[in-house]
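Examining the three-dimensional arrangement
One letter stands for each residue in the lines below.
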Amino acid sequence: MSVSVLLGAALGAVHVQVEGETTEDNVYLPALIDCTEAVIAGQLTRFPFPVPVVPVGCRYHHDEAILYQMALNYTETTAKVAAVAGASLVAVTLTGLHLGEYVNHVLTFCDGMSDEFDAAMLRIGHVMGWVDEAAALRHIGKEQTPPEVIAQALYCILRYDDDFTACIRCARQVRGRRDWVGMIAGGVMGARLGDPSQLPADWYQSLTAHDQLTALGKQLAEL
């Protein structure tokens, strides 16, 4: 499933952009490849959030104690709690945690790390019944801080847990760091779907890095 997770993250980062902005030159794709290579090789190098979320979540999904430390080790200092939470979301999806347990699990896993993160996660429950998704996303993350981005991504996943395209289109309504939200939501949705064939074919075929990401995903799966 690591292949679909990496591809999902890449597709989310690219296709979350609104019409006219979508580009293969998304700055996070080269970093995603470099970070995945570093994680596979065991080279401890710090990367900007949200790049380490998916590689770390895939590589260490079998042991969340190690995952916790590795998320800290691979992420620049300004987004520690968000990196831990995002990697945990990828990991628990790969291990089959029920969707309804995501919020409580991540809050427990990150307990005591950040009051800001806890508040953002709790705001998801305030807005799940709202019709206006754009307003819901603004309510969750007005400042677009890394903790709020995790909560926004999880909101999109909970809204469209079996529809990759709809999930990423929901994330397009974010004002600000859509690429961050798209990468995280796309990675988790890739884990939920579990197979690259379940990703939108037209998006997948247009991704110039798909061969490299597929090869790296296979290497991650073998670790």
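The structure this text deals with has already been given above.
A few points on the structure. (Residues numbered from 1 in each chain as written. Predicted model: local features only at pLDDT ≥ 70, side-chain atom pairs only at ≥ 80, totals over all residues. Heavy atoms only, no water.)

Some details on the pattern of salt bridges
Test applied: Between Lys or Arg on one side and Asp or Glu on the other, a salt bridge is scored when a side-chain nitrogen of the former is within 4 Å of a carboxyl oxygen of the latter. A run of H or I in DSSP counts as a helix once it spans at least four residues, and a run of E counts as a strand once it spans at least two, with each numbered from the N terminus. Between buried and exposed lies partly exposed: a residue is buried under 20% and exposed over 50% of the maximum accessible area for its type, with that area taken using a 1.4 Å probe on protein chains only.
What the rule picks out here adds up to four salt bridges. A salt bridge links E148 to R123; the shortest N-O distance between them is 3.3 Å. A residue pair is termed long-range when its members are at least 10 positions apart, and E148 in helix α9 (residues 146–159) and R123 in helix α7 (residues 115–127) qualify at 25 residues. Here E148 matches R123 in class, with each residue buried. Measuring nitrogen to oxygen at the nearest pair gives 3.1 Å for the salt bridge that ties R159 to E133. Remark: E133 occurs in helix α8 (residues 133–140) and R159 occurs in helix α9; sequence separation between them is 26 residues. Relative accessible area serves as the criterion here: at 11%, E133 is assigned to the buried category.

What about the side chain of H210?
Here is the rule we go by: The criterion used for residue contact is that any of the two residues' heavy atoms lie within 4.5 Å.
Examined against the element boundaries, H210 turns out to sit in helix α13 (residues 210–222). Among the residues examined, H210 registers a relative accessible area of 19% and is labelled buried. Beyond its immediate sequence surroundings of up to four residues, H210 is in contact with L7, Y204 and Q205.

Some words on the nonpolar core
Definition in use: Remark: nonpolar core denotes a set of buried residues (Ala, Val, Leu, Ile, Met, Phe, Trp, Tyr, Cys) joined through side-chain atoms within 4.5 Å.
Formed by 86 residues in total, the largest nonpolar core has its most connected members in F49, V56, F117, M121 and I150. Take this core: its biggest share by element is ten residues, from helix α5 (residues 80–94). With sequence-adjacent residues up to four places away left out, F117 is seen in contact with V81, A85, V106, L107, C110, P147 and I150.

Focus: the packing of helix α4 (residues 64–74) against α5
For clarity, the threshold we go by: Axes, fitted as lines to C-alpha atoms, cover a helix only where it is in contact. Angles between the N-to-C directions of the axes lie from 0 to 180 degrees. In what follows, roughly perpendicular refers to angles from 65 to 115 degrees, roughly parallel to angles under 35, roughly antiparallel to angles over 145, and oblique to any angle outside these ranges. Helix crossings get a hand from a simple test, with the near helix turned counterclockwise from the far one by less than a right angle marking a left-handed crossing and a clockwise turn marking a right-handed one. Charged means Asp, Glu, Lys or Arg here, nonpolar means Ala, Val, Leu, Ile, Met, Phe, Trp, Tyr, Cys or Pro, and polar covers whatever is left, Gly included.
One can describe the packing of α4 onto α5 by two numbers: an axis separation of 8 Å at closest approach and a directional angle of 140 degrees. Relative to α5, the element α4 is oriented oblique. Crossing of α4 over α5 shows right-handed handedness. Facing α4, whose interface residues are E64, L67, Y68, A71, L72 and N73, α5 presents K80, A83, V84, A87, S88, A91 and V92. Class assignment for the residues of the contact of α4 with α5 results in nine nonpolar, two polar and two charged.

Quick look at the environment of I124
Along the chain, I124 turns up in helix α7. Sequence separation of I124 and L137 is 13 residues, and the distance between their C-alpha atoms is 8.7 Å. Sequence-distant contacts of I124, that is, excluding residues within four places in its chain, are made with V103, I140, A151, L154, Y155 and L158.

Describing the packing of aromatic side chains
For any pair of aromatic rings, geometry is given as the distance between the ring centres together with the angle between the planes. How we decide: Side-chain rings of Phe, Tyr and Trp, where Trp is taken by its six-membered ring, are said to pair if the distance between their centres is within 6.5 Å; with planes under 30 degrees apart they count as stacked, over 60 as edge-to-face, and otherwise as tilted.
According to the stated counting rule, one finds three aromatic pairs in the structure shown. Consider the rings of F164 and W203, whose centres lie 6.1 Å apart with planes at 70 degrees: the pair is edge-to-face. Here F164, found in helix α10 (residues 164–171), pairs with W203, found in helix α12 (residues 201–205); they are 39 residues apart in sequence, far enough to count as distant. One exposure class covers both F164 and W203, and it is buried.

Remarks on the side chain of D179
Let me state the cut-off plainly: Any pair of N or O atoms that falls within 3.5 Å is considered a polar contact. Within protein, one atom must be able to donate a hydrogen and the other to accept it, and sequence-neighbouring residues count only if both atoms are side-chain atoms.
Inspection of the secondary structure puts D179 in helix α11 (residues 178–193). In terms of polar contacts, D179 uses its side chain to reach the side chain of R177, at 3.3 Å.

Let's talk about unusual backbone geometry
The peptide bond linking F49 to P50 adopts the cis configuration, its omega dihedral lying at 5 degrees. Notably, Q144 is not glycine yet its phi reads approximately 60 degrees, a positive angle.

As for the packing of helix α2 (residues 28–41) against α13
Between α2 and α13, the least distance of the axes is 10 Å, while the angle of their chain directions is 25 degrees. What the angle tells us is that α2 and α13 run roughly parallel. Along this stretch, α2 crosses α13, giving a crossing that reads as left-handed. Taken together, the residues of α13 that come into contact with α2 (itself represented by L32, I33, T36, E37, V39 and I40) are Q212, L213, L216, Q219 and L220.

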